[in-house]
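# Fold and contact review
Spelled out, the chains give:
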Amino acid sequence: MTSQHPPVDGGRGPAASDAALKAALHRVFDTQIPNYASYNLVCSSESGGTVDGAWSPERIPHGLVLGYRRQPIELVIAPFDRRSLASAGRPWTVDLTNLAYAAESSPGAFDIGTSTGRMFSFTVRHRCLIDRPEERPDPRTVEQEDDAEDFSAFMRHLAAL
């Protein structure tokens, strides 16, 4: 999750907002993961599963910062509150020691299960919409086209293992 756009309008405008959102989401991840610099990050505001502990088939009220790396293969799922952009709970780690399954149910939509019974589902899009349009007239978005493509390739590789 990197901002490729310099701030415009003296730090006001969409590029500055994108950079500020990315910085806030980095803080959610970086403050909880000791070796945070070895992960690539993407944002998902469409998620479900057992992130909160109990199964919920409905979209949960917060988003996820997904940290992933290829060596060693690992995915860290860090929930965040979409309103405050603060951590919304304990991060979960999925690696080859606890991965039960990974699947792509539709382009960019993934399901992961662990050997401990945790299930996660999330969608990673080129633009991560932090706010629902019915919540704000100008929803905050994170631009992540290249990162979303790279993450999808990572997840497809994980599903093939």
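Details of the structure are given in the entry above.
Now for a quick tour of the structure. (Residues numbered from 1 in each chain as written. Predicted model: local features only at pLDDT ≥ 70, side-chain atom pairs only at ≥ 80, totals over all residues. Heavy atoms only, no water.)

## Here we look at unusual backbone geometry
- With an omega of -10°, the peptide bond running from Gln71 to Pro72 counts as cis.
- Note on placement: Pro72 falls in the loop between β3 (62-70) and β4 (73-81). (Helix = DSSP H or I, 4+ residues; strand = E, 2+ residues; numbered from the N terminus.)

## Describing the sheet that holds β3
- Ordered in space as β1-β3-β4-β5, the four strands form an open sheet in which the pairing is antiparallel. Two strands lie at the open edges of the sheet, namely β1 (40-44) and β5 (92-95), each paired on one side alone. Within this sheet the neighbouring strands show an average axis-to-axis angle of 20°, counted without direction.
- Pairing between β3 and β4: nine bridges, direction antiparallel. Within β4, the position partnered with Tyr68 by the bridge is Leu75.
- Across the sheet, helix α2 (residues 145-160) lies against β1, β3 and β4, angled at about 65° from β3, the strand it touches most. (Pairing = 2+ DSSP bridges. Axes fitted to C-alpha atoms, helices over the stretch in contact; angles between N-to-C directions. Contact = heavy atoms within 4.5 Å.)

## A word on the nonpolar core
- Ranked by internal contacts, the top residues of the largest apolar core, which has 20 residues, are Leu66, Leu75, Ile77, Ile112, Phe122, Phe151 and Met155.
- Mapped onto this core, the elements with two or more residues apiece are β3, β4, β5, β7 (109-114), β8 (119-123) and α2.
- Of the residues forming this core, the biggest block, five residues, is contributed by α2.
- With sequence-adjacent residues up to four places away left out, Phe151 is seen in contact with Val42, Leu66, Tyr68, Leu75, Phe110, Phe122 and Val124.
- Formed by 17 residues, the second largest nonpolar core is a distinct cluster that contains Leu25, Phe29, Val65 and Ala78. (Core = buried A, V, L, I, M, F, W, Y, C linked by side-chain atoms within 4.5 Å. Buried < 20%, exposed > 50% of the residue type's maximum accessible area, 1.4 Å probe, protein only.)

## What about α2?
- Counted at 1.5 Å a residue, the expected span for α2 with its 16 residues is 22 Å, and the 23 Å between its end C-alpha atoms agrees.
- Every buried residue of α2 is accounted for by Asp147, Ala148, Phe151, Ser152, Phe154, Met155 and Leu158. Down the axis of α2, the buried side of the element spans an arc of 165°, and every buried residue falls inside it. Among the exposed residues of α2, those pointing more than 90 degrees away from its buried face are Asp146 and Ala160.
- At its buried positions, α2 is contacted by β1, β3, β4, β6 (99-106), β7 and β8. (Expected span 1.5 Å × (residues − 1). Arc of directions from axis to C-beta.)

## Focus: the packing of aromatic side chains
- Scanning the entire structure with this criterion turns up seven aromatic pairs.
- An angle of 35° between the planes, with centres 6.3 Å apart, marks the rings of Phe151 and Phe154 as tilted. Residue Phe151 and its partner Phe154 are located together in helix α2, separated by three residues, close to a single helical turn. Here Phe151 and Phe154 have matching classes, each one buried. (Phe/Tyr/Trp six-rings, centres within 6.5 Å; stacked < 30°, edge-to-face > 60°.)

## What to know about the pattern of salt bridges
- Taken as a whole and assessed by the stated rule, the structure comprises eight salt bridges.
- The shortest N-O distance in the salt bridge between Asp18 and Lys22 comes to 3.0 Å. Linking Asp18 with Lys22, this pair stays in helix α1 (residues 14-30), spanning four residues, or about one helical turn. Lys22 matches Asp18 in its accessibility class, with the two residues each being buried.
- Among the salt bridges present, the one from Arg125 reaches Glu46, with a minimum N-O distance of 2.6 Å. On the criterion of sequence distance, the pair formed by Arg125 in the loop between β8 and β9 (127-129) and Glu46 in strand β2 (residues 46-49) is long-range, its members being 79 residues apart.
- Judged by its relative accessible area of 23%, Glu46 falls in the partly exposed class. (Salt bridge = Lys/Arg side-chain N within 4 Å of Asp/Glu carboxyl O.)

Just distances and angles here, no functional claims.
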